[in-house]
Amino acid sequence: MATDIKDITHAVEAASVLRLLPVRPRLLALGEPTHGEETLLDLRNELFRQLVEQEGYRTIAIESDCVMGLVVDDYVTGGTGTLDEVMEHGISHGWGGFAANRELVRWMRAHNEGRPASERLRFAGFDGPLEITGAASPRQALTALHAYLAGQVDADLLPCTGETLDRLLGTDDRWTDPAAMTDPARSVGRSAEAGRLRLLADDLVALLDAQTPHLVTATSQDALYLANLYGRTATGLLRYHHWMADTSPARLNRLVAVRDQMMAHNLLAVAARGPALVHAHNSHLQRERSTMRMGGMPLEWWSAGALVSARLGQEYAFVATALGTISHQGVDAPPPDTLEGLLCTLPENHCVIDAPRLATALGDTLPEPRVSPWFGYAPLDPAHLAASDALVFVKDVPQRL
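What comes next concerns the included structure. Note that the structure is predicted; figures quoted are calculated from it, not measured.

### Quick look at the overall build of the protein
Move 1: Assigned secondary structure in the protein consists of 16 helices and twelve strands.
Move 2: Referenced to the eigenvectors of the C-alpha coordinate spread, the extents of the protein come out at roughly 70 × 55 × 40 Å.
Move 3: A total of 401 residues make up the protein; the buried ones form 52% of that total.
Move 4: Within the protein, contacts between residues at least 6 apart in sequence are counted, and of these 77% link residues at least 24 apart.

Following this line, the structure appears as structure tokens:
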């Protein structure tokens, strides 16, 4: 390469990352190629702390259930409860048990002590209420939205009563049956009741939108934000359940696309509140189309990051993360002809690299794509470098006991 890679390498610091960007982003997205590694979560925490203390960022949004995340946000902004309870009930996918996630929540609570509301840090989950084994019932989101509107507008404007919603929803286990993920016939997503609920959810969201001039003065900004979150979640969940009942070959592609669309809508709402650090898997934040295999089937879809970038332009920035070794997962030193192999020649264990300049330096001769021996780690596609604003490289991810 004509460019020495050391000349485009910097310390993993907020100031270093922001200097690589054309403008100060409203959403600074930090991706990770694997989940659950405390080293990467510690790096995220330190980057967020610097963004808060040096750059005025006030929000962090992570790949976790957006409704559950309200429990964490309430706690860090001064709510009641214990840290143990919040970590158990406020973060999905089982990630509340990670030490670095616990430290993040503890630090945010301590930072907010004694500060006015306008200066307090906020926490957001931006994933839908979804797990690999299925999706949540739309009950919580639908009934919360209905209750909010019922308290603010004339009853004649509501499309239905709360009792009607309850009857149509039925028992929650109808919606959460894990067998529906692999057997469309077990899903209630295309039942007559689900179809009626989709129409009612649409009418409730339309009413919320139509009454915005009244609601912005009649209720608090936080209350209106929550109502919109519940509206997005209700319509997104009903759409997701609809496609769970699909029997066409496009079923899984539809599901992953709906999930990232829900993520994107949540991120746009977070962005409207002010600058935020976003943390999730690279595949949810990258600008290029995302790909994976599920059940032996290749899937391809536009990620939340791609959707948000199309809306926000330069106010969305994506920093990918690439790794050298994760020895405790069987991911040993990368072959020298891969991107990770090239980066392993750097002396630092952690560094930030100007990704577009690295892509330019590599030219048309891109490194070979790395193949991971472990399904839980997705190596960075060298072809994605130019569409990334920066690249964090961690040479070695040690096991944390």
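### Focus: the sheet that holds strand 12 (residues 390–396)
Strands belonging to one sheet form pairs held by backbone hydrogen bonds; the direction of such a pair is parallel or antiparallel.
Move 1: Pairing is mixed across the open sheet formed by eight strands, whose spatial order is 1-11-12-10-2-7-3-4. Lying at the two open borders of the sheet, with one neighbouring strand each, are strand 1 (9–10) and strand 4 (122–127).
Move 2: Both strand 3 (residues 59–65) and strand 4 contribute to a ladder of five bridges, which runs parallel. Each residue of the ladder has a partner; that of Ala61, found in strand 4, is Ala124.

### Let's talk about the side chain of Ser64
Move 1: Tracing the sequence through the fold places Ser64 in strand 3.
Move 2: Side-chain polar atoms of Ser64 contact the backbone nitrogen of Ser92, separated by 2.9 Å.
Move 3: In this view, Ser64 contacts Gly90, Ile91, Ser92, His93, Gly125, Phe126 and Asp127; residues no more than four positions away in its chain are not counted.

### Here we look at the nonpolar core
Move 1: Counting residues in each nonpolar core, the largest one holds 67 residues, and the members touching the most others are Leu27 and Leu149.
Move 2: One finds Trp95, Met108, Trp374 and Tyr377 within the second-largest nonpolar core, a separate group that totals 42 residues.

### A few points about the packing of helix 4 (residues 83–90) against helix 5 (residues 99–112)
Move 1: Closest axis-to-axis distance for the helix 4/helix 5 pair is 11 Å, and the angle between their directions is 120°. On the basis of their axis angle, the class for helix 4 and helix 5 is oblique. In this structure, helix 4 crosses over helix 5, and the sense of that crossing is right-handed. Residues Leu83, Asp84, Val86 and Met87 of helix 4 form the contact with helix 5, whose own contacting residues are Asn101, Arg102, Val105 and Arg106.
Move 2: Each residue belonging to the contact of helix 4 with helix 5 can be placed in one class, and the counts come to four nonpolar, one polar and three charged.

### Observations concerning the packing of aromatic side chains
Move 1: Enumeration over the complete set of coordinates arrives at two aromatic pairs.
Move 2: With a centroid separation of 6.1 Å and an interplanar angle of 80°, the aromatic rings of Phe48 and Trp107 are classed as edge-to-face. Separated by 59 residues along the polypeptide, Phe48 in helix 2 (residues 38–55) and Trp107 in helix 5 bring together distant segments of the chain.
Move 3: The ring of Trp243 has Arg190 lying over it, and the distance from NZ or CZ to the ring centre is 5.0 Å.
Move 4: The residue whose ring lies beneath Arg273 is Tyr225, and the NZ or CZ to ring-centre distance is 3.7 Å.

Basis of the calculations
- Per-chain numbering applies: the sequence of each chain, read as written, is numbered from 1 onward.
- Only residues with pLDDT of at least 70 get local features here, since the model is predicted, and only at 80 or more are side-chain atom pairs given and counted; chain-wide, interface and lining totals rely on the full set of residues.
- Just so you know, side-chain values use all the structure's heavy atoms and leave hydrogens and water out.
- Under the DSSP-based scheme used, a helix requires at least four consecutive residues in state H or I and a strand at least two consecutive residues in state E, with every element numbered from the N terminus.
- In this scheme, a residue with accessible area under 20% of its type's maximum is buried, one over 50% is exposed, and one in between is partly exposed, where area comes from a 1.4 Å probe on protein chains only.
- Here, residues are in contact when the closest pair of their heavy atoms is within 4.5 Å.
- Two strands make a pair as long as DSSP finds a minimum of two bridges between them.
- Between N or O atoms, a polar contact is any pair within 3.5 Å; within protein, one atom must be a potential hydrogen donor and the other a potential acceptor, and residues adjacent in sequence are included only when both atoms are from side chains.
- Side-chain atoms within 4.5 Å link the members of a nonpolar core, which is a set of buried Ala, Val, Leu, Ile, Met, Phe, Trp, Tyr and Cys residues.
- Geometry is summarised by axes, namely lines fitted to C-alpha atoms with helices restricted to the contacting stretch, and by angles between N-to-C directions that run from 0 to 180 degrees.
- Oblique is the label for every angle not falling under 35 degrees (roughly parallel), over 145 degrees (roughly antiparallel), or within 65 to 115 degrees (roughly perpendicular).
- Crossing chirality is assigned from the near helix's rotation relative to the far helix, an anticlockwise turn below a right angle marking it left-handed and a clockwise turn marking it right-handed.
- Classes in brief: Ala, Val, Leu, Ile, Met, Phe, Trp, Tyr, Cys and Pro nonpolar; Asp, Glu, Lys and Arg charged; the others, Gly included, polar.
- Within 6.5 Å between ring centres, the rings of Phe, Tyr and Trp (the latter by its six-membered ring) count as paired, and their orientation is classed by plane angle as stacked under 30 degrees, edge-to-face over 60, tilted in between.
- For a Lys NZ or an Arg CZ to count as sitting over a ring, it must be within 6 Å of the ring centre and within 35 degrees of the ring normal.

Scope: geometric values only; no functional claims are made or implied.
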